[in-house]
Amino acid sequence: MAETLATLQGVSRVYQKGKERVDVLHELDLEINTGDFLALMGPSGSGKTTLLNLLGGLDKPTAGTVNVGGAILSSMSNSQLSNWRATHVGFIFQFYNLLPVLTARKNVELPLLLTNMSAKERSRRAEIALDIVGLADRASHRPRELSGGQEQRVAIARAIVSDPQLLLCDEPTGDLDRATADEILKLLQTLNAEHGKTIIMVTHDAQAADYARRTLHMDKGKLEARTTA
Amino acid sequence: MKFLNQAIAVTLLNLRNLPQRAGGSVVAVVGVAAVVLVFAAVLSMATGFERTMLLAGSDDTAIVLRSGSTAELNSGLSNDQALIIANAPGILRDGDSPVASFELYVVVDVAKRSTGDQANVPLRGVQAFAIDLRHNVKISEGRMFEEGKNELVVGRAAQSEFAGLDIGNEIRFGQTSWTVVGTFEADGSVSESELWTDLRVLQAMYNRGSSVQSVRVRLLTPESIKELSDALADDPRVDVDVLSEKDYYAGQAGPLSQFIKIVGYPLTILMAIGAVFGALNSMYASVSVRGKEIATLRALGFGPFSVLISTIVESTLLSLIGGIIGGALAFAVFNGFRVSTLNGASFSQVVFDFAVTPDLLAQGLLAALIIGLVGGLFPAIHAARLPVAQALREL
Ligand SMILES: Nc1ncnc2c1ncn2[C@@H]1O[C@H](COP(=O)(O)OP(=O)(O)OP(=O)(O)O)[C@@H](O)[C@H]1O
Ligand SMILES: [Mg+2]
């Protein structure tokens, strides 16, 4: 019943650090279904962020193909990837990456500047996204007037405002206390269950991984499937 | 269209951030301000000098000099020759007499008010029509000298620059003593740097017999200069050059203003190269401070072009701000700044004001614009090419 959203086939990513070759990912295969909520765990330096960047079209593999929703990211040009990112993927970062000079609403509107929407329509959609994350009443606050958890909610609203199928989260709760982290994770669960978002979340925190439908472990650039309780 | 909207959005965002990064921008702004300041200051000397010389000249007045003389000082005409010239065709007449002034000048030493140093000042002997012959000259204070007396009228610029030239003063030049009886104005032109007296008195005091250096005449029309010079060329009794007053002064202004420009433009270019490096530095710093913002925007789907444009606009804007500051400073400090300098052609002092003209300011701003574009280009390319994944990692 589940259809495949993303497929990685024989994906390798090698960095050249001066004369040294760093083999981060090695002939990796992976399938992700539409509607999945996948947690990605593993020690530091195992290649989790690298994998996420490949799935989000921020980076290209040294070898292999990356197919997301029918788009072959591995063979697209940088400007094609730019355009693709604008509508197909939402990023959620550990440190939120909000623009400090903009209000929450304007931060959320940012991705919509890449569309032909009118200012009014942009504003309306931003309000809806802020409402989904429960921050409608903070729309005109600037990031430094918000708590960490609230900032991450704004970042999530920004990630979903252009209605992408895929959300990529790199340690979304890494900078938050337990209680706030749980709220954010519940929100991600809601987005997955009720809004049909496919979510891939990198985390170091086993409790966070429990919110996902399944967990993959990475070690030295290889994936090993394990079932979570 | 979408490209443009993106570029505008990112540029506006960038400019909103600018005040927070102001510290790093100071170097670029100051560098450009210095370039424009020096450029406008140096060249305002040339424009001021040219203006002073050109203001003095009109094209319906002609100066007749002995053939081959580049300036009055090395010209010489006998009284008979001067009479032949004055009565030649093409010259306006007032009743029976031609509108002409025979003139002779000598150089006298006068102390500068500021330093007390002696400077060469032209003392010119003129005839009654001298004032009418110069469109912008009028007695502004006191009265005209009387014929046959040791009386002087002094140009206003000379009066303000040199000591002892106030009305009523007695002043000695060599063996002779003179009384200052009036001040004349000439719209700041070169005439204002001179002292005038009666031609016959000057000839007598300086043992010049009846010889003069130049004959200044009012032409019937500016075109009559051809008729006059043809007639004089055909007359075997005289061997002269006929120049319009305008051409005569322009020729005198040439060498000095040329010199200033020859120094000024390369100096500006050298400083501009320095300022480009300042701008490059500031912009690379700015791009690195903006790294997180740029990487985030790129992750959201903003294209490299909009990052490029936003960086170039920032650099250009900073440069223009520097240019405006430099130009305004130059205008405030140097415009109207009065100096006197030796005019090589007449071996005497010309008093003139620095002129920071709109044209000079426009050239200065153009230089600022170019510095901004050049200084912003490479950092902008760098910013546009920033590897997004790596940039996000570093933050
Ligand atoms: N641009 C690069 N040049 C060279 N090596 C790199 C580069 N980017 C990443 N690496 C290396 O690739 C490896 C994997 O990095 P990655 O960020 O994917 O790990 P990670 O699993 O996300 O680690 P963490 O849990 O610390 O975030 C690391 O050893 C890292 O040093
Ligand atoms: Mg990582």
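Predicted model, so just to flag it, every value in this text is computed and none were measured.

**Some remarks on the overall build of chain B**
Alright, step 1. A count of helical and extended segments in chain B gives twelve helices and 14 strands.
Alright, step 2. What you see for chain B is a C-alpha radius of gyration of 30 Å, clearly larger than the 21 Å of a compact globule of 395 residues, by over 25%.
Alright, step 3. Expressed along its principal axes, the backbone C-alpha trace of chain B runs to roughly 95 × 45 × 30 Å.
Alright, step 4. Residues counted as buried form 52% of the 395 residues belonging to chain B.
Alright, step 5. Here the contacts in chain B between residues at least 6 apart in sequence split such that 79% fall between residues at least 24 apart.
Alright, step 6. Entry remark: accessible area of chain B is about 16800 Å², with carbon and sulfur atoms responsible for 62%.
Alright, step 7. Both charge centroids of chain B, one from 29 positive and one from 37 negative side chains, sit 14 Å from each other.

**So, the domain arrangement of chain B**
Alright, step 1. Segmenting chain B into domains produces domain 1 (2–54 + 253–394) and domain 2 (68–238).
Alright, step 2. One C-alpha centre belongs to domain 1 of chain B, the other to domain 2 of chain B; they are set 47 Å apart.

**Some points on the pairing of strand β8 (residues 170–173) of chain B**
All names here are of chain B.
Alright, step 1. Burial along β8 is one-sided: I171 and F173 are buried, while E170 and R172, pointing the other way, are not.
Alright, step 2. Of the strand pairs in this sheet, β8 and strand β9 (residues 176–185) are connected by four bridges, and their pairing is antiparallel. Paired with F173 across the strands is T176, a residue of β9.
Alright, step 3. In textbook terms, the turn of a hairpin is the stretch between consecutive antiparallel strands, and for β8 and β9 this stretch comprises two residues, one of which, G174, has a positive phi near 60°.

**Let's talk about the nonpolar core**
Alright, step 1. By size, the foremost hydrophobic cluster in this structure holds 43 residues, and its most contacted members are A:L51 and A:L55.
Alright, step 2. Broken down by element, the residue count for this core peaks at five residues, all from strand β2 (residues 20–33) of chain A.
Alright, step 3. Those residues in contact with A:L51, other than ones at most four positions away along the chain, are A:L8, A:L25, A:L28, A:L30, A:L40 and A:M218.
Alright, step 4. Residues B:V64, B:V110, B:L195 and B:L232 belong to the second largest nonpolar core, which totals 40 residues.

**Regarding the interface of chain B and chain A**
Alright, step 1. Contacts between the two partners involve 22 residues from chain B, matched on the other side by 23 residues from chain A.
Alright, step 2. Both sides of the chain B and chain A interface together cover about 2000 Å² of buried area, and 62% of this is carbon and sulfur.
Alright, step 3. Of all residues in chain B, B:R16, B:L300 and B:R393 bury the most surface against chain A, accounting for 25% of the area lost on that side.
Alright, step 4. The interface formed by chain B and chain A holds zero salt bridges in total.
Alright, step 5. Between the two partners, chain B and chain A, sit eight residue pairs in polar contact (both at pLDDT 80 or more).
Alright, step 6. The element best represented in the side of chain B that touches chain A is helix α9 (residues 291–300) of chain B, accounting for seven residues.
Alright, step 7. For the side of chain B that touches chain A, a count of residues per class yields ten nonpolar, six polar and six charged.

**Regarding the pattern of salt bridges**
Opposite charge on two side chains allows them to pair when their charged atoms are near.
Alright, step 1. The final tally for this structure, using the stated rule, is 30 salt bridges over all chains.
Alright, step 2. Here A:E109 makes a salt bridge to A:K106, at a shortest N to O gap of 3.9 Å. Here the residue A:E109 and the residue A:K106 both occupy positions in helix α3 (residues 104–109), the gap between them amounting to three residues, near one helical turn.
Alright, step 3. Relative accessible area serves as the criterion here: at 5%, A:E109 is assigned to the buried category.
Alright, step 4. A:K106 gets classed as partly exposed once you look at its relative accessible area, which sits at 44%.
Alright, step 5. Taking the shortest distance from any N to any O, the salt bridge between B:R124 and B:E194 comes out at 2.8 Å. Taken together, the residues B:R124 in strand β5 (residues 118–126) and B:E194 in the loop between β9 and β10 (195–198) connect sequence positions 70 residues apart.
Alright, step 6. Several salt bridges converge on common partners, so that one network encompasses B:E72, B:E103, B:R124, B:R134, B:E194, B:R216 and B:E245.

**A closer look at the sheet that holds β2(A)**
Residues and elements named next belong to chain A.
Alright, step 1. Strand order in the open sheet formed by four strands is β2-β1-β4-β5, and the pairing between neighbours is antiparallel. Only two strands of the sheet have a single neighbouring strand rather than two, namely β2 and β5 (71–72).
Alright, step 2. Sheet topology places strand β1 (residues 4–17) next to β2; ten bridges connect them, and they run antiparallel. For K17, the partnering residue across the bridge sits in β2 and is E20.
Alright, step 3. The sheet strands contacting helix α1 (residues 48–55) are β1, β2 and β4 (63–68), and the helix crosses β2 at an angle near 60°.

**Re the site of ligand 1**
Alright, step 1. What surrounds ligand 1 is a group of 13 residues, the closest being A:S44, A:K48, A:T49, A:T50 and B:R393.
Alright, step 2. Here A:G45 contributes a backbone N or O atom positioned 2.9 Å from an oxygen atom of ligand 1.
Alright, step 3. Between ligand 1 and the protein, one listed contact pairs an oxygen atom with a side-chain N or O atom of B:R393 at 2.3 Å.
Alright, step 4. Protein burial of ligand 1: of its 630 Å² of free accessible surface, 75% is covered by the chains.
Alright, step 5. Contributions of two or more residues to the shell around ligand 1 are made by α1 of chain A together with α12 (388–393) of chain B.
Alright, step 6. Among the elements that make up the shell around ligand 1, the one with the highest residue count is α1(A) (three residues).
Alright, step 7. Here the shell around ligand 1 is built from residues that sort into three nonpolar, eight polar and two charged.

**Focus on the packing of aromatic side chains**
Residues and elements named next belong to chain A.
Alright, step 1. Scanning all chains against the criterion turns up four aromatic pairs over all chains.
Alright, step 2. Considering the side-chain rings of F91 and F93, the 6.1 Å spacing of their centres and the 10° angle between planes classify their relative orientation as stacked. In terms of burial, F91 and F93 fall into one category: buried.

**A short note on the side chain of B:D60**
Residues and elements named next belong to chain B.
Alright, step 1. Of note, D60 is situated in the loop between α2 (22–55) and β1 (61–66).
Alright, step 2. At a separation of 2.9 Å, a polar atom in the side chain of D60 contacts the side chain of S58.
Alright, step 3. For D60, the residues in contact, after removing those within four places along its chain, are H135, V217, R218, L219 and P222.

Quick notes on the rules
Residues numbered from 1 in each chain as written. Chains lettered and ligands numbered in written order. Predicted model: local features only at pLDDT ≥ 70, side-chain atom pairs only at ≥ 80, totals over all residues. Heavy atoms only, no water. Helix = DSSP H or I, 4+ residues; strand = E, 2+ residues; numbered from the N terminus. Rg over C-alpha atoms; globule rule 2.2 N^0.38 Å. Buried < 20%, exposed > 50% of the residue type's maximum accessible area, 1.4 Å probe, protein only. Contact = heavy atoms within 4.5 Å. Areas by Shrake-Rupley, 256 points an atom, 1.4 Å probe, with all protein chains shown as cover. Lys, Arg positive; Asp, Glu negative; His and termini not counted. Charge placed at Lys NZ, Arg CZ, Asp CG, Glu CD. Domains from an automatic or database assignment. Pairing = 2+ DSSP bridges. Core = buried A, V, L, I, M, F, W, Y, C linked by side-chain atoms within 4.5 Å. Buried area = accessible area lost by both parts, 1.4 Å probe. Salt bridge = Lys/Arg side-chain N within 4 Å of Asp/Glu carboxyl O. Polar contact = N/O pair within 3.5 Å; in protein donor to acceptor, adjacent residues only side chain to side chain. Nonpolar A, V, L, I, M, F, W, Y, C, P; charged D, E, K, R; others polar. Axes fitted to C-alpha atoms, helices over the stretch in contact; angles between N-to-C directions. Near = heavy atom within 4 Å. Phe/Tyr/Trp six-rings, centres within 6.5 Å; stacked < 30°, edge-to-face > 60°.

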